[in-house]
Amino acid sequence: MLSEPQGAGPSTALMRKAYARWAPVYDVVYDKLTEPAARAAVEAAAESGPRILEAGVGTGLSLGYYPANSLVCGVDLSEDMLRRARRKVLRRGLTHVRGLQVMDVCRLGYADASFDAVVAQFLITLVPDPEAALSEFLRVVRPGGGIVLANHFGQTEGPVARVEEIVAPLCTKIGWSSDFKSTRIEAWARRNGVEFIGVAPTFPGGFFKILRMRKRG
Ligand SMILES: C[S@@+](CC[C@H](N)C(=O)[O-])C[C@H]1O[C@@H](n2cnc3c(N)ncnc32)[C@H](O)[C@@H]1O
């Protein structure tokens, strides 16, 4: 098991720096905004079984949403974010959380097929190599298990798509993403023989989406 991310590139370093700044205010800004999407993602992941990896768990906002019989591991690049997640686990007695570790989602320190599902909320568009992360999710999930992503995905065309592309470099600097399209994930699924179940809109007004895939059994 890795205790520190290995081979962190410049983008990874930027991300850690951004989330060191975000950590103290993250819950105040995002808790209510992301709660419906996080609950929907957790519910979808739990359908595959109790052993769940939450990738990019952050301050652990969603850790209280899992069924009591779950066995949840969480990983994140940012020690500053994870410290807050650990505090929540202790304060709320979340005994279904079995571990929270600093780890790069592109280099997961888990054996193949360790989990029934991998869930990642507001993460995949921030990773420098999202396909590498998805391939790691696929490796650690069992055959028949689920991969669930919650995120804002950019429009594929039209004026909104253009604006999202223009502001993308600024978004990256502050640890956000604006123009990443779900079609990129769909293409990855196709190339890797993963069943793409679909993308469903959620709060607020369909801005966030729940994307579901299944590893073929
Ligand atoms: C927008 S926050 C979302 C946190 C949490 N999932 C939530 O919904 O509240 C993104 C998180 O992804 C983490 N992250 C970004 N790149 C990562 C990587 N390559 N490996 C692990 N975590 C990463 C950040 O440190 C941050 O905590």
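A brief structural summary. Predicted model only: the values in this text are computed from it and were never measured. (Residues numbered from 1 in each chain as written. Predicted model: local features only at pLDDT ≥ 70, side-chain atom pairs only at ≥ 80, totals over all residues. Heavy atoms only, no water.)

## Re the pairing of strand S5 (residues 141-151)
Here is the key point about a regular strand: its side chains alternate between the two faces of the sheet. Here S5 lies mainly inside the structure; eight of its eleven residues are buried. Alignment of strand S4 (residues 115-121) against S5, held across six bridges, turns out to be parallel. Bridging across to S5, glutamine 121 finds its partner in alanine 150. Each parallel crossover has a hand, and the one from S4 via helix H4 (residues 130-140) to S5 is right-handed. As paired elements, S5 and strand S7 (residues 208-214) share six bridges and run antiparallel to each other. Pairing of leucine 149 across the sheet is with leucine 211, part of S7. (Buried < 20%, exposed > 50% of the residue type's maximum accessible area, 1.4 Å probe, protein only. Helix = DSSP H or I, 4+ residues; strand = E, 2+ residues; numbered from the N terminus. Pairing = 2+ DSSP bridges. Right-handed = clockwise from strand over helix to strand, strands pointing away.)

## A word on the site of the ligand
Around the ligand, a shell composed of 18 residues is seen, among which Gly56, Asp76, Asp104, Val105 and Gln121 lie nearest. In the environment of the ligand, a nitrogen atom lies 2.7 Å from a nitrogen or oxygen atom belonging to the backbone of glycine 56. Within the side chain of aspartate 104, a nitrogen or oxygen atom sits 3.0 Å from a nitrogen atom of the ligand. Alone, the ligand offers 600 Å² of accessible surface; in the complex the protein occludes 97% of this. (Near = heavy atom within 4 Å. Polar contact = N/O pair within 3.5 Å; in protein donor to acceptor, adjacent residues only side chain to side chain. Areas by Shrake-Rupley, 256 points an atom, 1.4 Å probe, with all protein chains shown as cover.)

## A closer look at the nonpolar core
Grouped together as the largest cluster of nonpolar side chains are 30 residues, with contacts concentrated most on Leu53, Tyr110, Phe137, Leu149, Ile185 and Met213. Elements that contribute at least two residues to this core include exactly strand S1 (51-55), strand S2 (71-76), S4, H4, S5, helix H6 (182-191) and S7. For this core, the element with the most residues is H4, which contributes five residues. Counting residues in each nonpolar core, the second largest holds 26 residues, with Ala44, Val97, Phe208 and Ile210 among its members. (Core = buried A, V, L, I, M, F, W, Y, C linked by side-chain atoms within 4.5 Å.)

## A few points about unusual backbone geometry
The peptide bond linking phenylalanine 203 to proline 204 adopts the cis configuration, its omega dihedral lying at -5 degrees. Tracing the backbone through its elements, the reader meets proline 204 in the loop between strand S6 (195-202) and S7. Positive phi values are uncommon outside glycine, yet alanine 113 reaches one of about 55 degrees. By the secondary structure assignment, alanine 113 is in the loop between strand S3 (97-102) and S4. We classify alanine 113 as partly exposed; its relative accessible area is 31%. If you check the backbone angles, phenylalanine 122 has positive phi at about 55 degrees while not being a glycine. By the element assignment, phenylalanine 122 lies in the loop between S4 and H4. The exposure class of phenylalanine 122 is buried, given its relative accessible area of 18%.

## Some remarks on the environment of valine 72
Here valine 72 shows up in strand S2. As a C-alpha pair, valine 72 and valine 118 span 46 residues in sequence and 9.8 Å in three-dimensional space. In this view, valine 72 contacts Ile52, Leu63, Tyr66, His96, Val97, Arg98 and Gly99; residues no more than four positions away in its chain are not counted. (Contact = heavy atoms within 4.5 Å.)

## Describing the environment of phenylalanine 153
Note on placement: phenylalanine 153 falls in the loop between S5 and helix H5 (159-173). Not counting residues within four places of it along the chain, the set of residues in contact with phenylalanine 153 comprises Ile124, Thr125, Phe180, Lys181, Ser182, Ile185, Lys209 and Leu211.

## Considering the packing of aromatic side chains
We describe a pair of aromatic rings using the distance from one ring centre to the other and the angle between the two ring planes. For the structure shown, the criterion picks out eight aromatic pairs. Between the aromatic rings of phenylalanine 153 and phenylalanine 180, the centroid separation amounts to 6.4 Å while the plane-to-plane angle is 45 degrees, which identifies the pairing as tilted. With a gap of 27 residues between them, phenylalanine 153 in the loop between S5 and H5 and phenylalanine 180 in the loop between H5 and H6 connect regions that are remote in the sequence. A single burial state applies to phenylalanine 153 and to phenylalanine 180, both of which are buried. (Phe/Tyr/Trp six-rings, centres within 6.5 Å; stacked < 30°, edge-to-face > 60°.)

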